[in-house]
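Architecture and fold: a report
Listed here are the chains, written in short residue letters.
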Amino acid sequence: MGLSIRFYLFAENGLQAISQRVMMGLARGKDAMPQYAGTRQKVADVILESEGRKPIRIERVQGSYLTFDEKGHVHNDLVASGFAALETGMALADALKKPQTTIVDLTPKLNRTSMPALRTRSISLGLLTA
């Protein structure tokens, strides 16, 4: 299982999918969407859990706005706040692609059903007196 992120813009002519490459380019100031110059647009990012390439569950959906300047670049104040979450999500997706490591349980295992085991443990701690 893995996670993927998809981006959607709610334009006047309907829902538009935005590729991760374009969204990252907007966030970094390298790309523009001149068709939305001078506007404020609703967007949603959707994190999907998938098995193979097939989505099986929506993990999270978050809505926000993108403010485009006169050339179609994303307004700078949104880059600082909104896209920090995007990069965190991308890092999480990358981490989930790496092979899993063995996790060792370090919690103590006490036998709570056996009184002699508890008494022995208590005596060894010096908590019981004869």
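Our subject is the structure listed above.
Residues numbered from 1 in each chain as written. Predicted model: local features only at pLDDT ≥ 70, side-chain atom pairs only at ≥ 80, totals over all residues. Heavy atoms only, no water.

**A look at the overall build of the protein**
The following threshold applies: Secondary structure elements are taken from DSSP: a helix is a run of H or I of four residues or more, a strand is a run of E of two residues or more, and numbering for both begins at the N terminus. Type-normalised accessible area, obtained with a 1.4 Å probe on protein chains alone, sets the label of each residue: buried when under 20%, exposed when over 50%, and partly exposed for intermediate values. Contact criterion: two residues are considered in contact whenever any of their non-hydrogen atoms come within 4.5 Å of each other.
For the protein, the count of helices and strands is 3 helices and 4 strands. In the protein, the succession of helices and strands from N to C terminus is β-β-α-β-β-α-α. Among the 130 residues that make up the protein, the fraction classed as buried is 24%. Long-range pairs, those at least 24 residues apart, make up 56% of the contacts in the protein with a sequence separation of at least 6.

**Observations regarding the pairing of strand β2 (residues 14–18)**
What counts, and what does not: Two strands make a pair as long as DSSP finds a minimum of two bridges between them.
Sheet analysis places strand β1 (residues 2–11) next to β2, joined by 5 bridges and oriented antiparallel. Bridge assignment links F7 to a residue of β2, and that residue is I18.

**Some words on the packing of aromatic side chains**
As a reminder of what qualifies: Any two rings among Phe, Tyr and Trp, with Trp reduced to its six-membered ring, count as a pair given centres within 6.5 Å; such a pair is stacked if its planes are under 30 degrees apart, edge-to-face if over 60, and tilted if neither. Lysine NZ or arginine CZ positioned within 6 Å of the ring centre and within 35 degrees of the ring normal marks a charge as sitting over the ring.
Per the stated rule, a full pass over the model turns up 1 aromatic pair. Aromatic side chains Y36 and F68 sit 5.8 Å apart centroid to centroid with 35 degrees between the ring planes, which places their arrangement in the tilted category. Within this pair, whereas Y36 is found in the loop between α1 (20–27) and β3 (40–51), its partner F68 is found in the loop between β4 (54–67) and α2 (76–97), the two being separated by 32 residues in sequence. Both residues of the pair, Y36 and F68, count as buried. Its guanidinium or amino end placed over the ring of Y65, R40 lies 3.9 Å from that ring's centre, counting from NZ or CZ.

**Observations concerning the pattern of salt bridges**
Think of it this way: side chains of opposite charge can pair up when their charged atoms draw near. Filter applied, for reference: Salt-bridge detection follows one rule: a side-chain nitrogen of Lys or Arg within 4 Å of a carboxyl oxygen of Asp or Glu.
Applying the stated criterion across every chain, the model contains 4 salt bridges. In this structure, the salt-bridge partner of D31 is R21, at a minimum N-O distance of 3.1 Å. Of this pair, D31 sits in the loop between α1 and β3 while R21 is found in helix α1, placing the two residues 10 residues apart along the sequence. With a shortest N-O distance of 3.2 Å, R60 and D45 are connected by a salt bridge.

**Thoughts on the environment of F68**
Residue classification places F68 among the buried residues on the basis of a relative accessible area of 3%. In the structure, F68 is positioned 31 residues away from A37 in sequence and 5.3 Å away in space, judged by C-alpha atoms. When neighbours within four sequence positions are excluded, F68 is seen to be in contact with L9, L26, M33, Y36, A37, G38, T39, Q41, H73 and V74.

**Some remarks on α1**
Most of α1 sits out of view: 6 of its 8 residues are buried. Listed as buried for α1 are V22, M23, M24, G25, L26 and A27.

**Focus: the sheet that holds β4**
Quick reminder of the rule: Axis definition: a line fitted to C-alpha atoms, over the contacting stretch in the case of helices. Angles run 0 to 180 degrees between N-to-C directions.
Reading across the sheet, the 4 strands line up as β2-β1-β3-β4 and stay open at both edges, with antiparallel pairing between neighbours. Either end of the sheet is taken by a strand with one partner, and the two such strands are β2 and β4. Taking the axes of each pair of neighbouring strands and ignoring which way they run, one obtains an average angle of 30 degrees across the sheet. Bridge analysis of β1 against β3 gives 9 bridges, and the strand direction is antiparallel. Bridge assignment links Y8 to a residue of β3, and that residue is A44.

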